[in-house]
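# Summary of the model geometry
So you can see what is in the structure, the chains are spelled out below.
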Amino acid sequence: MKLTLQWLVVLMFLGFVPAFSQQDAQYSQYMFNSLYYNPAFAGTEGLTRFSFLTRIQWLGYQPTIDDGGAPQTHLLSGSTLLPLLNKSLGVGAHLVYDTRGPLSTTQFKLSGSYLYKIGPGTLSIGLAGGVLNQRISGDKYRVIDEKDEIYQQLKTGVSSQTKFDMGAGLWYKTTKYYAGVSFNHLTRTKFTYGFDSFNSQLANHMFITGGYNLNVGTMIIVTPSTMIQTDLKQLTYHLGGIATYNEKFWVGLQFRQSFARKEVANGGVIPKNDDVTLLVGVNLLKNKQNNNALRIGYAFDLVTSGVGAKTRTSHEILLSYIIPAPWEIVRPKVRTPRYRHDEN
């Protein structure tokens, strides 16, 4: 396992190639949303959790034309560990609705994982499969050449298409650290929307994540973490950490930077889209399975570059709740006077 982690670090550094762009939605609270990026995460918590996450980018952004607007993303997910094969099977699912101007994407995927006990932790191998729908509202585009053939086909109304999509990943977790790598859009699905002259293809995406728990005294845990998103031509990385007090309250700071590849004739490679993020949250409530059943998180993003094309602030809210699965419920003993015996 040590060799695997060494190669993972190498891949992280090799991943820092200049690039930018994301077909997939990105979240600042990725450390609480691992199932969306990696199907191998399913079941690794050993409990049943449902989460809802909503992100509104560039709050207050005013489009110059009607029906435009800033990106918004909404995510509902769930994961559990099944009581099968000695509790080595995890399952999960997520539903995403993402809007970016004239393009909206709806995605539903089922995830399955198999867990192996290796060394001090658990290695999980996961697969995900489902459907991805893209919808284009052609009348929301602004074009330079209104006689463009594709624009003429799109502007007549809404075009929608649904295709199969799949992903795969690895996840390794111990009490001190975690690391994962996953690949999305393995089928490289093409969307034509019924037009011969239109071809939009989903690029393969790789996600690399990692974090480490550092005990500071008896009440505080500091967890530095990172995530890298890339299609091997374009890249975004997150780097930061959170501090958790008494397993209940947390606060964190994160830096995100994206890179855009440009032609050498236009100045080569330049960085773009820098964000600084503040994260806060709290664990609340208690049920029979967990002392902190409800998780509430908030992320505030401050854009530090490219503000001429967007407003500076983005907001993200996370709600997560642990529920007892039927096989997790401890059933009380039933006793009758006829069969009751004194217990030693």
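A quick note: this is a predicted structure, and the numbers were derived from the prediction, not measured.

Looking at the largest pocket, its volume works out to about 1,400 Å³. Lining of the largest pocket is provided by 45 residues; of these, Glu45, Arg49, Lys173, Asn213 and Arg295 occupy positions nearest its centre. Elements that contribute at least two residues to the lining of the largest pocket include exactly α2 (34–37), β1 (49–56), β2 (72–82), β4 (103–118), β6 (158–173), β7 (177–184), β12 (220–230) and β13 (235–245). Residues of the lining of the largest pocket, tallied by class, amount to 17 nonpolar, 20 polar and eight charged.

Once that is clear, we can look at the side chain of serine 34. Residue position: serine 34 is located in helix α2. Excluding residues within four positions of it along the chain, serine 34 makes contact with Phe41 and Trp171.

Turning our attention to empty space enclosed by the protein. This structure, assessed with the given rule, holds two cavities of 30 Å³ or more. Every residue along the wall of the largest cavity is listed here: Leu35, Tyr36, Tyr37, Asn38, Pro39, His94, Lys109, Ser111, Ala128, Gly167, Phe183 and Asn184. Examining the composition of the lining of the largest cavity, we find that three residues originate from one element, α2, more than from any other. Here the lining of the largest cavity is composed, by residue class, of six nonpolar, five polar and one charged. Of the voids in this model, the second largest cavity is the one considered here, and its volume is about 40 Å³. Lining the second largest cavity we find Tyr30, Met31, Ser34, Tyr37, Asn38, Trp171, Tyr178 and Thr209. Along the lines of polarity and charge, the residues of the lining of the second largest cavity split into five nonpolar, three polar and no charged.

Once that is clear, we can look at the environment of threonine 209. With respect to the helices, strands and loops of the structure, threonine 209 is situated in strand β10 (residues 205–212). Exposure remark for threonine 209: the relative accessible area of 9% places this residue in the buried category. C-alpha of threonine 209 to C-alpha of serine 225: the two residues are 16 residues apart in sequence and 7.5 Å apart in space.

Relative to the helices and strands, glutamine 107 is located in strand β4. Within polar-contact distance, the side chain of glutamine 107 engages the side chain of histidine 94 at 2.8 Å.

Let us look at the packing of aromatic side chains. Aromatic ring pairs are reported here in terms of the distance separating the ring centres and the angle at which the planes meet. Enumeration over the complete set of coordinates arrives at 10 aromatic pairs. Consider the rings of phenylalanine 32 and tryptophan 250, whose centres lie 4.9 Å apart with planes at 50°: the pair is tilted. Note that phenylalanine 32 is positioned in the loop between α1 (2–14) and α2 and tryptophan 250 in strand β14 (residues 249–260), a separation of 218 residues in sequence. On the accessibility criterion, tryptophan 250 (6% relative accessible area) is buried. For the pair tyrosine 177 and tyrosine 212, a centre-to-centre distance of 6.1 Å together with 5° between the ring planes defines the contact as stacked. Remark: tyrosine 212 occurs in strand β10 and tyrosine 177 occurs in strand β7; sequence separation between them is 35 residues. Taking the relative accessible area as the measure of exposure, tyrosine 177 reaches 21% and is therefore partly exposed.

Enumeration according to the criterion identifies six salt bridges in this entry. Here glutamate 45 ties to arginine 49 by a salt bridge, and the two come within 3.2 Å at their closest N and O atoms. With relative accessibility at 27%, the residue glutamate 45 sits in the partly exposed group. The class of arginine 49 is buried, set by a relative accessible area of 10%. Across the pair arginine 55 and glutamate 316 runs a salt bridge, and its minimum N-O distance is 2.9 Å.

Rules used in this analysis
Residues numbered from 1 in each chain as written. Predicted model: local features only at pLDDT ≥ 70, side-chain atom pairs only at ≥ 80, totals over all residues. Heavy atoms only, no water. 1 Å grid on protein atoms, 1.4 Å probe; cavity = no way out; pocket = protein on both sides within 12 Å on 5 of 7 lines; lining within 4 Å. Points joined across faces, edges and corners; volume = space filled by probe spheres on them. Helix = DSSP H or I, 4+ residues; strand = E, 2+ residues; numbered from the N terminus. Nonpolar A, V, L, I, M, F, W, Y, C, P; charged D, E, K, R; others polar. Contact = heavy atoms within 4.5 Å. Buried < 20%, exposed > 50% of the residue type's maximum accessible area, 1.4 Å probe, protein only. Polar contact = N/O pair within 3.5 Å; in protein donor to acceptor, adjacent residues only side chain to side chain. Phe/Tyr/Trp six-rings, centres within 6.5 Å; stacked < 30°, edge-to-face > 60°. Salt bridge = Lys/Arg side-chain N within 4 Å of Asp/Glu carboxyl O.

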